[in-house]
Amino acid sequence: MNPSPAMKDFKLTAALTEGRLLFRFEGRLEARNARILWEECVPWIERHPGVPVRAELSGVEYLDGAALAVLLAIENRVRNSGADLILEHAPPRTAALLDLVDREALIEAALPTRSRRVSLVERLGAAGIRLYRDLSFQVSFVGELALVMLHSLRHPFRIRWKDTINHMERVGVDALPIVALIAFLVGLVMGFQGSMSLRQYGVGVLLAQLIALVMVEEMGPLLTAILVAGRSGSAFASEIGTMKVSEELDALTTMGMVPLAFVVIPKLIATAVVMPFLTLFADLVGIVGGMIVGVTMLNVSFGGYMRETVSILEISHLVHGSAKSVIFAFLIAGIGCMRGFQTEGGAEGVGRQTTSAVVSGIFLVVLANALYRIVLQSWSM
């Protein structure tokens, strides 16, 4: 039997007896002695491959996590050589620590392998499957939402009006500063661009008509919808997504409530109600921004600018702008809530679906704006 050099209250003796290796550990097996534990045991195992090993732990006074990890690594090395290692006669505290580890489930980590290159066909196939699943979920969500909306219209007293009013404040009132700023700057930019062109032809007074028509029919609803998609659409997705991953939606279903009616309907109604007013506000601020350019750069009087603005605008222009804003509202709130219900995978999934809600909302708004203009133009012809 060959004793190892004692090191800081630790002693290891090893011997080959009766066709098996015997390791006897004494003293404190801890982090500062883990290295000598490994360096003394491994050579014996390598010199006697395939020989069973018995580890005597009766003399162990203390065992910490680092030394336990070394013991498990030694056991794994013995198994790889085709033999077994038996840990026996462990004191109660040491045995309790060993029982906490599922040693059978521990394997050496495999070396990192080179990831297989995915072909173009596989990527296209995976994208097609994701698109199919997304479209299937959208159809199911829209159908269920339509049924819940019809039921809510038939039973308006069941709508959570208090939450609806709170959402109206968050979507509408809280968005006024950013809507005013963006609309004012857009009005200024359009005024500058338009004034440089119209001044060449001596018809600078027409700047009022240009800005009024563009803001009321196109830029006002579109800008407002994009801002609401960025603010409220993302908020809806993150709120519902957090409820999904924390199983709050499952709790609502367990209590007999319909999650769409409880969560989505107040957001949908609030967005549809406040969007036309936000759009009118953006129209007014954008016209004011253009008026500042017209009065200062084109020497158009304030009264003349206002007369030209009022003369070109008709009720139909305001109706079209408001109608588009309501359509945009349903798209923004619907896609935001839908992405929230699609959330999976914890915080990362919430972030992913929040981003998707903003991107999808803006895309649908721009697409709906183009389709609305095409349909309106075809109808007028």
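Residues numbered from 1 in each chain as written. Predicted model: local features only at pLDDT ≥ 70, side-chain atom pairs only at ≥ 80, totals over all residues. Heavy atoms only, no water.

The residue Ser152 is located in helix α4 (residues 120-154) in this model. With a relative accessible area of 8%, Ser152 lands in the buried category. Apart from residues lying up to four places away in sequence, Ser152 is in contact with Ile159 and Ile265. (Helix = DSSP H or I, 4+ residues; strand = E, 2+ residues; numbered from the N terminus. Buried < 20%, exposed > 50% of the residue type's maximum accessible area, 1.4 Å probe, protein only. Contact = heavy atoms within 4.5 Å.)

Here we come to the packing of aromatic side chains. Scanning the entire structure with this criterion turns up 3 aromatic pairs. Ring centres of Phe23 and Phe25 lie 6.3 Å apart, and the angle between their planes is 55°; this geometry places the pair in the tilted category. The same class applies to Phe23 as to Phe25, namely buried. Geometrically, the ring pair formed by Phe137 and Phe141 is stacked, given 6.3 Å between the ring centres and 15° between the ring planes. Placement of both Phe137 and Phe141 in helix α4 is noted, with a separation of 4 residues, approximately one turn of the helix. What links up through ring pairs into an aromatic cluster is the set Phe137, Phe141 and Phe341. When the ring centre of Tyr62 is taken as reference, the NZ or CZ atom of Arg28 above it lies at 4.4 Å. (Phe/Tyr/Trp six-rings, centres within 6.5 Å; stacked < 30°, edge-to-face > 60°. Lys NZ or Arg CZ within 6 Å of the ring centre and 35° of its normal.)

Let us now look at the environment of Val53. Examined against the element boundaries, Val53 turns out to sit in strand β4 (residues 53-63). Among the residues examined, Val53 registers a relative accessible area of 3% and is labelled buried. Remark: the alpha-carbon pair of Val53 and Glu75, spanning 22 residues in sequence, is separated by 8.8 Å. Contact partners of Val53, with chain neighbours within four places excluded, come to Leu21, Phe23, Val78, Asp84, Leu85 and Ile86.

The next point concerns the pairing of strand β3 (residues 20-29). In the sheet, strand β2 (residues 10-17) pairs with β3 via 8 bridges, with the strands oriented antiparallel. The residue of β3 that forms the bridge with Thr17 is Arg20. Two successive antiparallel strands, β2 and β3, enclose a turn made up of 2 residues, where Glu18 displays a positive phi of approximately 55°. The sheet contact formed by β3 and β4 spans 8 bridges and is parallel. By the bridge assignment for β4, Gly27 is matched with Val60. Tracing the backbone out of β3, into helix α1 (residues 34-47) and back to the parallel element β4 gives a crossover that is right-handed. (Pairing = 2+ DSSP bridges. Right-handed = clockwise from strand over helix to strand, strands pointing away.)

What follows deals with the environment of Met149. Tracing the chain through its elements places Met149 in helix α4. For Met149, a relative accessible area of 16% corresponds to the buried category. Along the backbone, Met149 and Leu268 are 119 residues apart, and their C-alpha atoms lie at a distance of 9.5 Å. Beyond its immediate stretch of four places on either side in the chain, Met149 contacts Ile265, Leu268 and Phe330.

Moving on, we get to the pattern of salt bridges. Applying the stated criterion across every chain, the model contains 9 salt bridges. Among the salt bridges present, the one from Glu218 reaches Arg373, with a minimum N-O distance of 2.9 Å. Of this pair, Glu218 sits in helix α7 (residues 207-245) while Arg373 sits in helix α12 (residues 346-380), and the two are 155 residues apart along the sequence. Note that Glu348 and Arg352 form a salt bridge whose closest N and O atoms lie 3.4 Å from each other. Taken as a pair, Glu348 and Arg352 lie in helix α12 at a separation of 4 residues, close to a single helical turn. Using a relative accessible area of 58% as the deciding quantity, one classes Glu348 as exposed. Salt bridges here are not isolated pairs; linked through shared partners, they connect Glu217, Glu218, Lys324 and Arg373. (Salt bridge = Lys/Arg side-chain N within 4 Å of Asp/Glu carboxyl O.)

α7 packs onto helix α5 (residues 161-171) with a crossing angle of 140° between their chain directions and a minimal axis gap of 10 Å. Between α5 and α7, the interaxial angle falls into the category oblique. Within the contact between the two elements, α5 uses His167, Arg170 and Val171 and α7 uses Val228, Arg231, Ser232, Ala235, Phe236 and Glu239. The class makeup of the residues in the contact of α5 with α7 is 4 nonpolar, 2 polar and 3 charged. (Axes fitted to C-alpha atoms, helices over the stretch in contact; angles between N-to-C directions. Parallel < 35°, antiparallel > 145°, perpendicular 65-115°, else oblique. Nonpolar A, V, L, I, M, F, W, Y, C, P; charged D, E, K, R; others polar.)

Contact pair α1 / helix α2 (residues 65-80): the axes reach a minimum separation of 10 Å and the direction vectors enclose 10°. If you check the angle between α1 and α2, you find them roughly parallel. Listed contacts from α2 to Ala34, Leu37, Trp38, Cys41, Val42, Ile45 and Glu46 of α1 are Ala66, Ala67, Val70, Leu71, Ala73, Ile74, Arg77 and Val78. Split by residue class, the contact of α1 with α2 holds 13 nonpolar, no polar and 2 charged.

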